[in-house]
Amino acid sequence: MAPAIFGNLCTTVMDRDQAVMCATDMSLWHALAIVPENEVSTAEARKVLPATVSLKEAALQAGRAALFVQGLERGDQQLVCAVCQDVLHEPWRKALIPQYSRLKDACEANVVPLWISGSGSTMLAISRDRSQLESMQAWIRKEMDLDSRLTNPDREGLQVFHE
């Protein structure tokens with residue numbers, strides 16, 4: 001909910017009942033939301049997750065998350081793509097999205113970060129080059145017959161207008 005209110009990318013954690021947040025400027029990036037017809041409920045997506053993760057997996061994912069944010073801030077698409085490899089939920093949730101593996105492979109071949117948005121089935125790809133996403137969108141339509149929407153990350157968040 002934080003990005004909808006504040007805009008950009010918001011990294012948020014709860015620490016002793018207090019939200020700690022930092023917003024990352026997303027002005028260098030464009031996005032492609034890929035929307036398969038099949039819906040994945042949050043409850044269904046949670047059921048497929050393992051009850052525990054190893055310390056090694058948690059440490060790996062924490063490091064990747066830190067590098068992901070740094071890559072976004074620097075506009076380093078290669079870094080963002082390299083660390084956009086989830087070990088905590090995508091290995092299990094991808095089974096709920098038949099198109100995921102083919103899309104992930106195509107994105108990685110083009111150095112385009114892709115991840116499952118929330119519980120899925122929507123996936124999000126980002127690039128600094130809008131034309132790269134436009135080409136990807138055309139390929140997705142032709143080869144996979146999936147709905148997708150080009151967009152730019154919201155930089156301002158919630159705005160209230162009063163007359």
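Above this text sits the structure in question.
Residues numbered from 1 in each chain as written. Predicted model: local features only at pLDDT ≥ 70, side-chain atom pairs only at ≥ 80, totals over all residues. Heavy atoms only, no water.

**Q** What's the story with the packing of helix α6 (residues 100-109) against helix α7 (residues 130-144) in this structure? I'm lost.
**A** How two helices sit against one another is set out by the angle between their axes and by the gap between those axes. α7 packs onto α6 with a crossing angle of 145° between their chain directions and a minimal axis gap of 12 Å. Crossing geometry of α6 relative to α7 is assigned as right-handed. Mapping the contact onto sequence places Arg102, Leu103, Ala106 and Cys107 in α6 and Met136, Trp139, Ile140, Glu143 and Met144 in α7. Across the contact of α6 with α7, the residue classes tally to seven nonpolar, no polar and two charged. (Axes fitted to C-alpha atoms, helices over the stretch in contact; angles between N-to-C directions. Helix = DSSP H or I, 4+ residues; strand = E, 2+ residues; numbered from the N terminus. Left-handed = near helix turned anticlockwise from the far one by under 90°. Contact = heavy atoms within 4.5 Å. Nonpolar A, V, L, I, M, F, W, Y, C, P; charged D, E, K, R; others polar.)

**Q** Before we go on, may I ask you to explain the packing of aromatic side chains in this structure?
**A** Within a pair of aromatic rings, the relevant descriptors are the distance that separates the centres and the angle that separates the planes. The tally for this structure, following the rule as stated, stands at one aromatic pair. Residues phenylalanine 68 and tryptophan 115 carry aromatic rings whose centres are separated by 5.4 Å and whose planes lie at 85° to one another, so their mutual orientation is edge-to-face. Remark: tryptophan 115 occurs in strand β4 (residues 114-116) and phenylalanine 68 occurs in helix α3 (residues 55-74); sequence separation between them is 47 residues. (Phe/Tyr/Trp six-rings, centres within 6.5 Å; stacked < 30°, edge-to-face > 60°.)

**Q** Looking at this structure, how should I read the sheet that holds strand β6 (residues 147-151)?
**A** Working definition: the strands of a sheet are paired by backbone hydrogen bonds and lie parallel or antiparallel to each other. If you walk across this open sheet you meet the four strands as β4-β5-β3-β6, and the pairing is antiparallel. Two strands lie at the open edges of the sheet, namely β4 and β6, each paired on one side alone. When strand polarity is set aside, the average angle formed by the axes of neighbouring strands in this sheet is 20°. The pairing of β4 with strand β5 (residues 123-127) spans three bridges and is antiparallel. From the neighbouring strand, isoleucine 116 faces β5, where its bridge partner is methionine 123. Docked against the sheet, α6 engages β3 (30-35), β4 and β5, running at close to 155° with respect to β4. (Pairing = 2+ DSSP bridges.)

**Q** Help me understand the pattern of salt bridges, please; the structure alone is not making it clear to me.
**A** When their charged atoms lie close together, side chains carrying opposite charge are able to pair. Within this structure, the stated rule accounts for four salt bridges. Arginine 16 is paired through a salt bridge with aspartate 15; the nearest N and O atoms lie 3.7 Å apart. With relative accessibility at 73%, the residue arginine 16 sits in the exposed group. Between glutamate 143 and arginine 102 there is a salt bridge, with its nearest N and O atoms 3.6 Å apart. Of the two residues, glutamate 143 is situated in helix α7 and arginine 102 in helix α6; the sequence distance between them amounts to 41 residues. The partly exposed category is assigned to arginine 102, whose relative accessible area is 41%. (Salt bridge = Lys/Arg side-chain N within 4 Å of Asp/Glu carboxyl O. Buried < 20%, exposed > 50% of the residue type's maximum accessible area, 1.4 Å probe, protein only.)

**Q** How do you make sense of the nonpolar core when you look at a structure like this?
**A** Soluble globular proteins: nonpolar side chains tend toward being buried together. Core analysis: the largest hydrophobic core is formed by 19 residues, its most contacted members being Ile34, Leu103, Leu114, Met123 and Ala125. Of all the secondary structure elements, the ones that give two or more residues to this core are β3, α6, β4, β5 and α7. Counting residues per element, this core draws most heavily on α7, which supplies four residues. Of all hydrophobic cores here, the second largest spans nine residues; its members include Trp29, Ala31, Phe68 and Val83. (Core = buried A, V, L, I, M, F, W, Y, C linked by side-chain atoms within 4.5 Å.)

**Q** Even after reading the chapter, I still don't get α3, so can you show me in this structure?
**A** One full turn of an α-helix is made of 3.6 residues, so residues set three or four places apart face in the same direction. Look at α3: 29 Å from first C-alpha to last across 20 residues, which is about the 28 Å you get at 1.5 Å a residue. Within the sequence span of α3, burial applies to Gln61, Arg64, Phe68, Val69, Gly71 and Leu72. Taken around the axis of α3, the buried residues stretch over an arc of 160°, which confines them to a single face. Facing away from the buried side of α3 by over 90 degrees, the exposed positions are Leu55, Lys56 and Arg74. Where α3 is buried, its residues meet β1 (9-15), β2 (18-24), α4 (77-83), β4 and β5. Directly beyond the C-terminal end of α3, a positive phi value near 75° is found at glycine 75. (Expected span 1.5 Å × (residues − 1). Arc of directions from axis to C-beta.)

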